[in-house]
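Architecture at a glance
Next come the chains, spelled out residue by residue.
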Amino acid sequence: QVQLVESGGGLVQAGGSLRVSCAASGLTFSMYNMGWFRQAPGKEREFVAAITWSGASTFYGDSVKGRFTISKDNAKNTVYLQMNSLKPEDTGAYYCAADFRRARVPLKADEYDYWGQGTQVTVSL
């Protein structure tokens with residue numbers, strides 16, 4: 001049974017930093033591309049970042065480029081999202097997702113195979 005469990009969310013002031021993690025089990029983690037998405041109340045799920053199964057390449061949504069960094073530790077079966085210079089508009093539930101080694105890393109939510117339950121990030125003024 002595949003499980004993705006996010007952690008590390010919380011309340012942070014604007015301009016601050018936060019790192020969220022996603023621990024995977026029940027799959028061969030090193031063979032999966034991983035993505036982070038977020039969803040604010042009343043809005044659609046938004047692509048944040050993705051990383052290839054090897055960790056060699058990363059991709060970011062325009063709104064987080066230069067502020068967020070995705071990384072993957074295949075030895076720990078964990079993917080991270082380091083978030084710096086946080087803004088109130090970064091507020092939302094953050095979800096990690098896994099895609100089985102697709103040649104083109106998916107940037108759309110419906111292309112991912114597995115999802116976590118999410119962790120809430122709230123950025124205050």
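Please read all numbers here as calculations on a predicted model, not as lab measurements.

**With respect to the overall build of the protein chain**
Per the secondary structure count, the protein chain includes zero helices and eleven strands. Walking the protein chain from its N terminus toward its C terminus, one meets helices and strands in the order β-β-β-β-β-β-β-β-β-β-β. Here the C-alpha radius of gyration of the protein chain, 13 Å, is about what a compact globule of 125 residues would show, namely 14 Å. In terms of overall dimensions, the protein chain has C-alpha extents of about 40 × 25 × 25 Å along its principal axes. When the 125 residues of the protein chain are sorted by exposure, 42% land in the buried category. In the protein chain, of all internal contacts separated by at least 6 residues, the share reaching a separation of at least 24 is 57%. Accessible surface, the protein chain as shown: approximately 6,400 Å² in total, 48% of it carbon and sulfur. A distance of 4 Å separates the average location of the 13 positive side-chain charges in the protein chain from that of its 11 negative side-chain charges.

**Structural notes on the side chain of Asn33**
Counting through the fold element by element, Asn33 comes out in strand β4 (residues 32–39). A distance of 2.8 Å separates a polar atom in the side chain of Asn33 from the backbone nitrogen of Trp53. If near-sequence neighbours (up to four positions away) are discounted, Asn33 is found in contact with Ile51, Thr52, Trp53, Ala97, Ala98, Asp99, Arg101, Arg102, Val105, Pro106 and Tyr112.

**Some remarks on the nonpolar core**
Formed by 26 residues in total, the largest nonpolar core has its most connected members in Met34, Trp36, Val79, Leu81 and Met83. Broken down by element, the residue count for this core peaks at four residues, all from strand β3 (residues 18–25). Sequence-distant contacts of Met83, that is, excluding residues within four places in its chain, are made with Gly16, Ser17, Leu18, Val20, Arg67, Phe68, Tyr94 and Val121.

**Points about the environment of Leu86**
The residue Leu86 is located in the loop between β8 (78–83) and β9 (92–100) in this model. When its relative accessible area of 2% is taken as the criterion, Leu86 is described as buried. Expressed as a C-alpha distance, the spacing of Leu86 and Ala23, which sit 63 residues apart in the sequence, is 23 Å. Ignoring anything within four residues of it in the chain, the contact list for Leu86 reads Val12, Ala14, Gly15, Gly16, Ser17, Leu18, Arg67, Phe68 and Val123.

**Remarks on unusual backbone geometry**
Positive phi values are uncommon outside glycine, yet Asn77 reaches one of about 55°. Since its relative accessible area comes to 26%, Asn77 is described here as partly exposed. The phi dihedral of Ser85 falls on the positive side, at around 50°, and the residue is not glycine. Its location among the elements puts Ser85 in the loop between β8 and β9.

What counts and how
Residues numbered from 1 in each chain as written. Predicted model: local features only at pLDDT ≥ 70, side-chain atom pairs only at ≥ 80, totals over all residues. Heavy atoms only, no water. Helix = DSSP H or I, 4+ residues; strand = E, 2+ residues; numbered from the N terminus. Rg over C-alpha atoms; globule rule 2.2 N^0.38 Å. Buried < 20%, exposed > 50% of the residue type's maximum accessible area, 1.4 Å probe, protein only. Contact = heavy atoms within 4.5 Å. Areas by Shrake-Rupley, 256 points an atom, 1.4 Å probe, with all protein chains shown as cover. Lys, Arg positive; Asp, Glu negative; His and termini not counted. Charge placed at Lys NZ, Arg CZ, Asp CG, Glu CD. Polar contact = N/O pair within 3.5 Å; in protein donor to acceptor, adjacent residues only side chain to side chain. Core = buried A, V, L, I, M, F, W, Y, C linked by side-chain atoms within 4.5 Å.

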